[in-house]
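# Structure assessment
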Amino acid sequence: MTEQIRTIDLFAGAGGLALGFQQAELGYEPIFAVEIEPAAARTFKLNFDCRVHDGPIEQVHDYPPAEIIIGGPPCQGFSPLGRDRDDESRAQLNELWQHYLKAVRQVRPKAFVIENVPEFQKSAQFAKLLELLDTDEELKEYGYNYGVLNAADYGVAQRRRRGILVAIRGLKEVPWPPPPTHGPESQDGTPYATLRDVIADLSPTPEITEIGTRPDGGQDLHIRRNPTQKSLERYRAIPEGGNRFDLARNRPDLLPNCWANKPTGTTDVMGRLWWDRPGFTIRTEFYKPEKGRYLHPTADRPITHREAARIQSFPDDFVFEGSKIEVARQIGNAVPPNLAKALAEFVYRLAFATPVTEEA
Ligand SMILES: C[S@@+](CC[C@H](N)C(=O)[O-])C[C@H]1O[C@@H](n2cnc3c(N)ncnc32)[C@H](O)[C@@H]1O
C-alpha cells in the first residue's frame, strides 16, 4: 500500500495544486490548508475533505506535522529588482513570506514547493528568499532549484508560465527542470494538448446563464453570457487565431477608441483561440474577451467557465463553490492540476522514493 504523504497547502485557493498532487496517486493527501477567500476555502473543503483554516495565514500559529508543504503567496505586489513599491504593499508581502517560511521552519517537511508568477523570480523578494535558503540555520538543510515552467510542457492545453521552486531536505542538488511530458522537449515527442482535445465535445451554444446541475448530477459550468449586439458583431469580425487588429481591418466602425489609438502591442486583446493549439493563460476574468485571448475558436462568444476549467485541466467532477465571479477567480488563480501532477511525481522521485538511509 502507498504510504500517506501528509500535505499542507498554503494559499490553497480552490486546490488546483493539491488536486494534481492527489492525482499522482503516490500517497499525497491534503491534511491542512489555509485560504482567506471563503468561497475558495469551501471549494477546497468540499473536494478534499480536510481541515481548512478559512482566514488569513497571519492567524495560523500551529501547523500539524506533514511531509510536504505546497503553495505560493498571491501574485500581486512583486516588484522587479530595483523598482521600489510603496512601503505598505512591500510590508504586506514580506509578512506573507514570513508566514510561509514560518510554516516550513515549524513543520520541517521533507520537501516544499512554491509556485508563483514568473516575475517573482526576478524580484527583490525572491533574492531575499534565496539568501535565506542559503544562510538560515534551519532552511540551509534544504537543497533547491527553481525556474519558469510552461504548463503546456506538462500536458495542459494551455501556454501558462509559472515560477516554481522545489526544495528537498537533505538533498544537495535538485535537478532541473522536471522532465517535460508533452511537446518537442518531451522524451517521446508527445504532442501538446490542444483546445480541440479538451473542449470540442462541449456545445458551441451553451444554454444556461447561471451555475446549474447537469442531467447526470454533476455541476454545470457551461454558462452563456448575454453580449450586446455590438459585442457580437465585434466577435464575428475576428477569425480563429485573430485579435483586435482583425477587428480594426474588418470592422473599423466597431473599433473602440482606446484600441484605435494604440496601434501596436497587446496582441491577445479580443483574441480568438485556435482549435489545434494549446490555449493561453486563463486569468480570473476569462469571460471578458477584451482582457485576453478568450474567444472560442469558432463560436461567437468568450469561453465558458467549464471550458476555462477544462483548459486549466480540472476534471468535470471537481466542484466549485461560490458565485460565477468567485468560481472564475478560483479557476483563473489555480495551478493547472496536470502541471501539479508532474511536480508531484518529480518531488516524489527526489524526496520520497529514496530510502532514508541513502540520502544526504
Ligand atoms: C494564486 S492563488 C492559489 C491557487 C492555488 N494554489 C490553486 O492551485 O488553486 C493565491 C491564494 O492566496 C489567497 N490568499 C491571499 N492572501 C492570503 C492570506 N493572507 N492568507 C491566506 N490566503 C491568502 C488568495 O485568496 C488566493 O486564493
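Each remark here, short or long, concerns the structure printed above.
Presented here is an overview of the structure given in this document. Everything numeric in this text was worked out from a predicted model, so none of it was measured.

Reading the values: rules and limits
- Residues numbered from 1 in each chain as written.
- Predicted model: local features only at pLDDT ≥ 70, side-chain atom pairs only at ≥ 80, totals over all residues.
- Helix = DSSP H or I, 4+ residues; strand = E, 2+ residues; numbered from the N terminus.
- Rg over C-alpha atoms; globule rule 2.2 N^0.38 Å.
- Contact = placed C-beta atoms within 7 Å.
- Near = placed C-beta within 6 Å.
- Nonpolar A, V, L, I, M, F, W, Y, C, P; charged D, E, K, R; others polar.
- Pairing = 2+ DSSP bridges.
- Axes fitted to C-alpha atoms, helices over the stretch in contact; angles between N-to-C directions.

## Describing the overall build of the protein
- Across its full length, the protein carries 11 helices and 11 strands.
- Radius of gyration (C-alpha) of the protein: 21 Å, near the 21 Å computed for a compact globule of 360 residues.
- At a minimum sequence separation of 6, the contacts of the protein that also span at least 24 residues come to 68%.

## Things to note about the site of the ligand
- The full set close to the ligand counts 22 residues, and Phe11, Gly13, Gly16, Ile36 and Ala334 are the nearest of them.
- In terms of residue class, the shell around the ligand is made up of 14 nonpolar, 5 polar and 3 charged.

## Focus on the sheet that holds strand E6 (residues 142-150)
- Across the sheet, 7 strands lie side by side as E3-E2-E1-E4-E5-E8-E6; this open sheet has mixed pairing. Each of the sheet's edge strands pairs with one partner strand only, and the pair in question is strand E3 (51-53) and E6. Across this sheet, the average inter-strand angle for adjacent strands is 20 degrees, counted without regard to direction.
- Pairing of strand E5 (residues 111-116) with strand E8 (residues 161-169), which is carried by 6 bridges, proceeds in the antiparallel orientation. Within the sheet, the bridge partner assigned to Asn116 lies in E8 and is Gly163.

Function cannot be read off these values alone, since they describe shape.
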